[in-house]
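# Structure assessment
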Amino acid sequence: MTDFISLPFYDLLHENAHVPAVREKLPPLLTGVRRSILEIGAGSGLITTTLADRTPAEIFALEPSAGMRGILLSRLTGRPELLKRVTVLPYDAMSLDLAEPVEAIVMINVMYAMKPEYRRRLWPVLAGALEPGGLLVFTWRDGDLPAPHPLKEIDSRQVGRHTYASFAEVIESGEGWIRYRTVYRVIADGKVIDEEDIVGNAYRPSWNVLEPELTAAGFTRSDAPDGLLAWRRA
C-alpha cells in the first residue's frame, strides 16, 4: 500500500479537497442502512463522524496506520456519544474478522494506494464481509492520469502565523499508475521551518480493468453520483 499522508496536514488539507463533496453525496446512498457499516481506510475520522451522524448504524472503522488511528480516537473522544457505536479496527483489510456481515462498506480516497495485485485480492474479501445485497461504495475517477510535471503548489492553509502548504510532482506515469512526489512545508515569514518529502506510486485503474474485477468477485453495479461508484453483492 502506498501512503502519501503527512499526519499534521491531513485534516487541514482534506477539508479543502474531497471531504465536503463526499459528505454531500455519500449519505443518500446509505439510506436504509441501519445496522452496520464497515469503513475501509477510516483515516482521521473525517468521514467516520459523517457516517455516524447520518445513519443509526454501528460503525467499524478500519485504519492500519497507528498515527491516523490516534487522530481518529481523539476525534471520537470529543464525541463521547459515539464511543459505543464506533469500533476502531487496527489492522489491514486483508485481516478482516467480523462477527457477522455488514450492510455496507465505504472506502473513501483509498483506491489510489492499492497496488493492482492487492486490489484484485481485496474484492473477494470485501464481498465476504458483506451480507447478500449489501452495498459497497468507493471514490473513483475516470479519465486520463496526469502527465509528468514539475513540483507545484496544490493547497495551503493558514494556522496562526504559519502557512501549511502541499506541493505535488508527477515524476513518471504508466498505464493505471503514476510515480508521485508530495512535499509538505510549514512556512513562517517566507522561510520553510519544517518539510516532509514523500515519493511513491499512486494507482487509478481504468473502468475496463475495474468492472471485470468486481463482477468476478460477485458484485453488480448500482447507481451513484459522480465521483462515487456503488456496487451490490449478489
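Below or above, wherever it landed, is the structure these notes cover. This is a predicted model, so every value here is computed, not measured. (Residues numbered from 1 in each chain as written. Predicted model: local features only at pLDDT ≥ 70, side-chain atom pairs only at ≥ 80, totals over all residues. Heavy atoms only, no water.)

## Describing the overall build of the chain
How we decide: Secondary structure is summarised from DSSP: a helix means a run of H or I of at least four residues, a strand means a run of E of at least two, and numbering begins at the N terminus for each. Two things to know: the radius of gyration comes from C-alpha atoms, and the globule rule equals 2.2 Å times the number of residues to the power 0.38. Relative accessibility decides the category of a residue: with a 1.4 Å probe and only protein chains considered, values under 20% of the type maximum give buried, values over 50% give exposed, and everything between is partly exposed. Any two residues having at least one pair of non-hydrogen atoms within 4.5 Å are treated as being in contact. Here the open area of atoms and residues is found with the Shrake-Rupley method and a 1.4 Å probe, where only the protein chains shown may cover a residue. The positive count covers Lys and Arg only, the negative count covers Asp and Glu only, and His and the chain ends enter neither. Where a charge lies is defined by one atom per residue type, namely NZ (Lys), CZ (Arg), CG (Asp) and CD (Glu).
The helix and strand tally for the chain stands at six helices and 11 strands. Relative to the compact-globule value of 17 Å for 234 residues, the chain shows a C-alpha radius of gyration of 18 Å, a close match. For the chain, the residues scored as buried account for 44% of the 234 residues in total. Long-range contacts, defined here as pairs at least 24 residues apart, represent 64% of the contacts in the chain between residues at least 6 apart. Working note: accessible area of the chain is about 11,500 Å², and carbon and sulfur atoms make up 49% of it. A distance of 2 Å separates the average location of the 26 positive side-chain charges in the chain from that of its 31 negative side-chain charges.

## Focus on the pairing of strand β8 (residues 177-188)
Note the cut-off: By this definition, two strands are paired if DSSP reports at least two bridges between them.
Sheet topology places strand β7 (residues 162-174) next to β8; 12 bridges connect them, and they run antiparallel. In the strand pairing of β8, Y164 is matched with V186. The loop that links β7 with its antiparallel partner β8 comprises two residues; one of these, G176, has a positive phi angle of about 85 degrees. The pairing of β8 with strand β9 (residues 191-203) spans 12 bridges and is classified as antiparallel. Across the sheet, R185 pairs through a bridge with E195, a residue of β9.

## Topic: the layout of surface pockets
Under the convention used in this document: Cavities and pockets were defined on a 1 Å grid built over protein atoms only: a cavity is a set of grid points that admits a 1.4 Å probe from which the probe cannot escape, a pocket is an open set flanked by protein on both sides within 12 Å along at least five of seven lines, and lining residues are those with an atom within 4 Å of any such point. Grid points are joined across faces, edges and corners, and a volume is the space filled by probe spheres set on the points. When residues are grouped by polarity, Ala, Val, Leu, Ile, Met, Phe, Trp, Tyr, Cys and Pro land in nonpolar, Asp, Glu, Lys and Arg in charged, and all others, Gly among them, in polar.
Considering only enclosed or pocket space, the second largest pocket measures out at about 270 Å³ in volume. Contributing to the lining of the second largest pocket are 16 residues, with E175, G176, R204, P205 and S206 lying nearest its centre. Taken together, the residues of the lining of the second largest pocket sort by class into seven nonpolar, three polar and six charged.

## A short note on unusual backbone geometry
Within the chain, N109 stands out as a residue other than glycine whose phi angle is a positive 60 degrees. Following the sequence through the fold, N109 ends up in the loop between β4 (102-107) and α5 (116-129). Even without a glycine there, the phi angle at D189 is positive, about 50 degrees. Of note, D189 is situated in the loop between β8 and β9.

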